[in-house]
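A closer look at the structure
Chain by chain, the residues:
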Amino acid sequence: MQDAPRLDTLILDLVRGRNAWIALVAIGAIGCIPVLNFVVFGYALEYMGRHAKTGRFDFNKPSDWVSLVRESLVLGVTFLGYCGLPWFLGRLLEQLINQLSNYAVFPIGSLFEAFGGIVGLGLFGAAFITYIRSDNWEPLIQVREIGRLALSMASAVWMPVVLIFGLSAITDPFSGFGLAVGVFAYCVYLGEISRRLRYA
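Residues numbered from 1 in each chain as written. Predicted model: local features only at pLDDT ≥ 70, side-chain atom pairs only at ≥ 80, totals over all residues. Heavy atoms only, no water.

1. Focus: the confidence of the model for the protein
Mean pLDDT for the protein: 82, with 87% of residues reaching 70 or above. Ranking the elements of the protein by mean pLDDT puts helix α8 (residues 161-170) last, at 69, and helix α6 (residues 143-152) first, at 90. (pLDDT = per-residue confidence, 0-100. Helix = DSSP H or I, 4+ residues; strand = E, 2+ residues; numbered from the N terminus.)

Quick look at the structure:
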């Protein structure tokens, strides 16, 4: 995708925004709390909408809590479906291979979990773009169409996933912190792609 935004430039813009570091620490902390971490998705949507109107990357308090909760639940469930399921299947396959080989090929078995996570995040990325463009949850259940979109936008959807895994690894044992910040940046990046597609 030639018109995809530069991820490194977007990240620099994010961290330079007003209240950026306080907000990112809060996002990371919330990301460590199950279920409540869905708020990251809703806030990312509101943040993108504000940026589209003002052109600024400032972090402000949510203006519509009802909308925030609704969007968070929709995208949180979407994340569990498209990202959680492939990761879980990869995890099961890893455990099966390790049990059958008595952990003799442990490094190889662990690759399946990572691969499942990468595939899942890419599918979620395509689903996220679909949701932004349609402003409706119904297209999210069209799994085949989501898969086609993910393949057609492979470089734009899957390349940034490296950032998410990198932040998760760097912040270990607080991987939930890095994962939340990485997913938030990923969502903002996907939102910019969607905006460019809309006005292309």
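2. A few points about α6
If you check which residues of α6 are buried, you get Ile 146, Gly 147, Leu 149 and Ala 150. Here the buried residues of α6 occupy an arc of 160° about the axis, which is enough to place them on one side. Exposed side chains of α6 directed beyond 90 degrees from the buried face belong to Arg 144, Leu 151 and Ser 152. (Buried < 20%, exposed > 50% of the residue type's maximum accessible area, 1.4 Å probe, protein only. Arc of directions from axis to C-beta.)

3. Regarding the packing of aromatic side chains
Inspection of the entire model under this criterion finds nine aromatic pairs. Geometrically, the ring pair formed by Tyr 43 and Tyr 47 is tilted, given 6.4 Å between the ring centres and 45° between the ring planes. Here Tyr 43 pairs with Tyr 47, and both are found in helix α3 (residues 39-54), just four residues apart, close to one helical turn. The buried category is assigned to Tyr 47, whose relative accessible area is 1%. Ring geometry for Phe 124 versus Phe 128: centroids 5.9 Å apart, planes at 50°, classification tilted. Taken together, the residues Phe 124 and Phe 128, both in helix α5 (residues 106-134) and four residues apart, mark about one turn of the helix. Taken together, Phe 41, Phe 79, Phe 124 and Phe 128 form an aromatic cluster joined through their ring pairs. (Phe/Tyr/Trp six-rings, centres within 6.5 Å; stacked < 30°, edge-to-face > 60°.)

4. So, a nonpolar patch on the surface
A cluster of nonpolar side chains, contributed by Leu 85, Trp 87, Phe 88, Leu 89 and Leu 92, occupies part of the molecular surface with about 500 Å² of accessible area. Structurally, the position occupied by Leu 89 is in helix α4 (residues 65-100). (Patch = residues over 30% accessible without salt bridge, like charges linked within 9 Å, V, L, I, M, F, W, Y side chains within 5 Å. Areas by Shrake-Rupley, 256 points an atom, 1.4 Å probe, with all protein chains shown as cover. Salt bridge = Lys/Arg side-chain N within 4 Å of Asp/Glu carboxyl O.)

5. Here's the deal with the packing of α3 against α4
Between α3 and α4, the least distance of the axes is 7 Å, while the angle of their chain directions is 120°. The pairing of α3 with α4 is recorded here as oblique in orientation. Seen along the crossing, α3 lies across α4 with a hand that is right-handed. Contact with α3, carried on its side by Val 39, Phe 41, Gly 42, Tyr 43 and Leu 45, involves Leu 68, Glu 71, Ser 72, Leu 75, Gly 76 and Phe 79 of α4 and no other residues of that element. For the contact of α3 with α4, a count of residues per class yields seven nonpolar, three polar and one charged. (Axes fitted to C-alpha atoms, helices over the stretch in contact; angles between N-to-C directions. Parallel < 35°, antiparallel > 145°, perpendicular 65-115°, else oblique. Left-handed = near helix turned anticlockwise from the far one by under 90°. Contact = heavy atoms within 4.5 Å. Nonpolar A, V, L, I, M, F, W, Y, C, P; charged D, E, K, R; others polar.)

6. What to know about the nonpolar core
Core analysis: the biggest nonpolar cluster contains 50 residues, and Leu 14, Ile 27, Phe 41, Tyr 47, Phe 59, Phe 128 and Phe 184 have the highest contact counts within it. Sorting elements by how many residues they give to this core places helix α9 (residues 175-198) first, with 11 residues. Excluding its chain neighbours within four sequence positions, the residues that come into contact with Ile 27 are Val 40, Tyr 43, Phe 59, Ala 180, Val 181 and Phe 184. (Core = buried A, V, L, I, M, F, W, Y, C linked by side-chain atoms within 4.5 Å.)

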